[in-house]
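Here is what each chain is made of, one letter per residue.
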Amino acid sequence: MYPSCRPLFKGDLQVQGRALVRMIGVCLDELSGKERMTEALHKLARTHAQKGVVSNEYFLVGEVLLWTFTQCLGPQFDNVTTTAWVRIYSMMLSEIIPVAVCEEDSLSLSAAHAQPTHTS
């Protein structure tokens, strides 16, 4: 759906898929104890920012995942399941996006300061 995002998925896609499922599992397990989940999502955002992932790409991934679930699960991915998925992914993004944006700003500032200045 978004060929420009293909470079973000280097390596073994099965490993990345398992990591995504684990992260969703952590979020589901920690809904009553949000501190561990929040910490894990913030770490994920910082790690992904270092790899070049920008905040808007999380929305694209969510859209692709939703489409994939619909295609693969068919009628099993009904309205109730879709709503549950959208709610948990939205909750995850509410923690990820602010950190991702701050990391983008920080990386941009670092890059700007690393640029050599030319004086005449």
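All values reported here derive from a predicted model rather than from experimental measurement.

A. Highlighting the layout of surface pockets. By volume, the largest pocket amounts to about 1,400 Å³. Along the walls of the largest pocket sit 39 residues, with Phe9, Gln16, Leu20, His48 and Val61 positioned nearest its centre. Elements with a contribution of two residues or more to the lining of the largest pocket: helix 1 (13–29), helix 2 (34–50), helix 3 (56–73) and helix 4 (79–114). Sorting elements by how many residues they give to the lining of the largest pocket places helix 1 first, with eleven residues.

B. Quick look at the nonpolar core. With 21 residues, the main nonpolar core has Cys27, Leu41, Tyr58, Trp85, Met92 and Ile96 as its most contacted residues. Going through the elements one at a time, helix 1, helix 2, helix 3 and helix 4 are the ones with two or more residues in this core. Here this core gets ten residues from one element, more than from any other, and that element is helix 4. The contact partners of cysteine 27, leaving out residues within four places of it in the chain, are Met37, Leu41, Ile88, Met91 and Met92.

C. Region of the structure containing the confidence of the model for the protein. In the predicted model, the protein carries a mean pLDDT of 82, and the fraction of residues at 70 or more is 85%. The lowest-confidence element of the protein is helix 1, averaging 76 in pLDDT; the highest-confidence one is helix 3, averaging 90.

D. Structural view of helix 2. The end-to-end C-alpha distance of helix 2 is 24 Å, a good match for the 24 Å that 17 residues give at a rise of 1.5 Å each. Where helix 2 is concerned, the buried positions are Met37, Thr38, Leu41, Leu44, Ala45 and Ala49. All buried residues of helix 2 lie within an arc of 130° about the axis, which places them on one face of the element. Opposite the packed face of helix 2, turned more than 90 degrees from it, sit the exposed residues Glu35, Arg36, Glu39, Lys43 and Gln50.

E. Local environment of the packing of aromatic side chains. Tallied over the full model, the rule gives three aromatic pairs. Ring plane angle 55° and centroid distance 5.5 Å describe the contact between phenylalanine 69 and phenylalanine 77, whose orientation is recorded as tilted. Taking the relative accessible area as the measure of exposure, phenylalanine 77 reaches 9% and is therefore buried. Seen from their ring centres, tryptophan 85 and tyrosine 89 are 5.1 Å apart, and the 25° between their planes marks the pair as stacked. Here tryptophan 85 and its partner tyrosine 89 are both found in helix 4, four residues apart, which amounts to about one turn of the helix. Residue classification places tyrosine 89 among the buried residues on the basis of a relative accessible area of 10%.

So, how was this worked out
- Residues numbered from 1 in each chain as written.
- Predicted model: local features only at pLDDT ≥ 70, side-chain atom pairs only at ≥ 80, totals over all residues.
- Heavy atoms only, no water.
- 1 Å grid on protein atoms, 1.4 Å probe; cavity = no way out; pocket = protein on both sides within 12 Å on 5 of 7 lines; lining within 4 Å.
- Points joined across faces, edges and corners; volume = space filled by probe spheres on them.
- Helix = DSSP H or I, 4+ residues; strand = E, 2+ residues; numbered from the N terminus.
- Core = buried A, V, L, I, M, F, W, Y, C linked by side-chain atoms within 4.5 Å.
- Buried < 20%, exposed > 50% of the residue type's maximum accessible area, 1.4 Å probe, protein only.
- Contact = heavy atoms within 4.5 Å.
- pLDDT = per-residue confidence, 0-100.
- Expected span 1.5 Å × (residues − 1).
- Arc of directions from axis to C-beta.
- Phe/Tyr/Trp six-rings, centres within 6.5 Å; stacked < 30°, edge-to-face > 60°.

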